[in-house]
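As a plain string of letters, each chain reads:
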Amino acid sequence: MPKYYEDKEEDGQACGGVREDLRQCLLESPCVLQENKSPKQCLREGHCRSLQMTFFACKRSMLDTRARFRGRKGY
């Protein structure tokens, strides 16, 4: 589950909130905890897919020139 804004520490990086939530989702997934696989392997298998897509959209919006007016995707 994503953390609330109050509980997050500011890292100053673009898409930092989505990155942190994706990292926590992977580390708390049964793939890592029970099957002892690496988070990279679990990400390739399709765990935490919605956060992965949100992170991709946020990174992609950094290159989009329309983002100057609309703002970055994600949080």
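Structure first, text after, so check above.
Residues numbered from 1 in each chain as written. Predicted model: local features only at pLDDT ≥ 70, side-chain atom pairs only at ≥ 80, totals over all residues. Heavy atoms only, no water.

1. Quick look at the overall build of the protein
Okay, so step 1: Broken down by element type, the protein carries five helices and zero strands.
Okay, so step 2: By residue count, 27% of the 75 residues in the protein fall in the buried class.
Okay, so step 3: In the structure as shown, the protein presents an accessible area of about 5,900 Å², 52% of it carried by carbon and sulfur atoms. (Helix = DSSP H or I, 4+ residues; strand = E, 2+ residues; numbered from the N terminus. Buried < 20%, exposed > 50% of the residue type's maximum accessible area, 1.4 Å probe, protein only. Areas by Shrake-Rupley, 256 points an atom, 1.4 Å probe, with all protein chains shown as cover.)

2. Some points on the pattern of salt bridges
Okay, so step 1: This model, assessed by the stated rule, comprises three salt bridges.
Okay, so step 2: One salt bridge in this structure joins E20 and R23, with 2.7 Å as the shortest N-O distance. You can see E20 and its partner R23 sitting in helix 1 (residues 16–27), three residues apart, about one turn around the helix.
Okay, so step 3: In this structure, E45 engages K37 in a salt bridge whose closest nitrogen and oxygen atoms are separated by 2.6 Å. (Salt bridge = Lys/Arg side-chain N within 4 Å of Asp/Glu carboxyl O.)

3. Looking at the side chain of S61
Okay, so step 1: Along the polypeptide, S61 turns up in helix 4 (residues 49–63).
Okay, so step 2: The exposure class assigned to S61 is buried, which follows from its relative accessible area of 6%.
Okay, so step 3: Engagement of the side chain of S61 in a polar contact is seen with the backbone oxygen of C58, the distance being 2.7 Å. (Polar contact = N/O pair within 3.5 Å; in protein donor to acceptor, adjacent residues only side chain to side chain.)

4. Remarks on the packing of helix 1 against helix 4
Okay, so step 1: One way to put it is that helix 1 packs onto helix 4 with a least axis distance of 9 Å and a crossing angle of 155 degrees. Considering the angle they form, helix 1 stands roughly antiparallel to helix 4. Crossing handedness for the pair helix 1 and helix 4: left-handed. Here helix 1 contributes V18, R19, D21, L22 and C25 to the contact with helix 4, which in turn contributes L51, Q52, T54, F55 and K59.
Okay, so step 2: Looking at the contact of helix 1 with helix 4, its residues break down into five nonpolar, two polar and three charged. (Axes fitted to C-alpha atoms, helices over the stretch in contact; angles between N-to-C directions. Parallel < 35°, antiparallel > 145°, perpendicular 65-115°, else oblique. Left-handed = near helix turned anticlockwise from the far one by under 90°. Contact = heavy atoms within 4.5 Å. Nonpolar A, V, L, I, M, F, W, Y, C, P; charged D, E, K, R; others polar.)

5. Some details on the state of the cysteines
Think of a disulfide as a covalent bridge from one cysteine sulfur atom to another cysteine sulfur atom.
Okay, so step 1: Applying the stated rule across the entire model yields three disulfides.
Okay, so step 2: Each disulfide pairs two cysteine sulfurs, and for C25 the partner residue is C48, the sulfurs being separated by 2.0 Å. Its S-S torsion of approximately -90 degrees makes the covalent link between C25 and C48 left-handed. Residue C25 is located in helix 1, and its partner C48 is located in the loop between helix 3 (39–45) and helix 4; the two are separated by 23 residues in the primary sequence. (Disulfide = S-S within 2.5 Å.)

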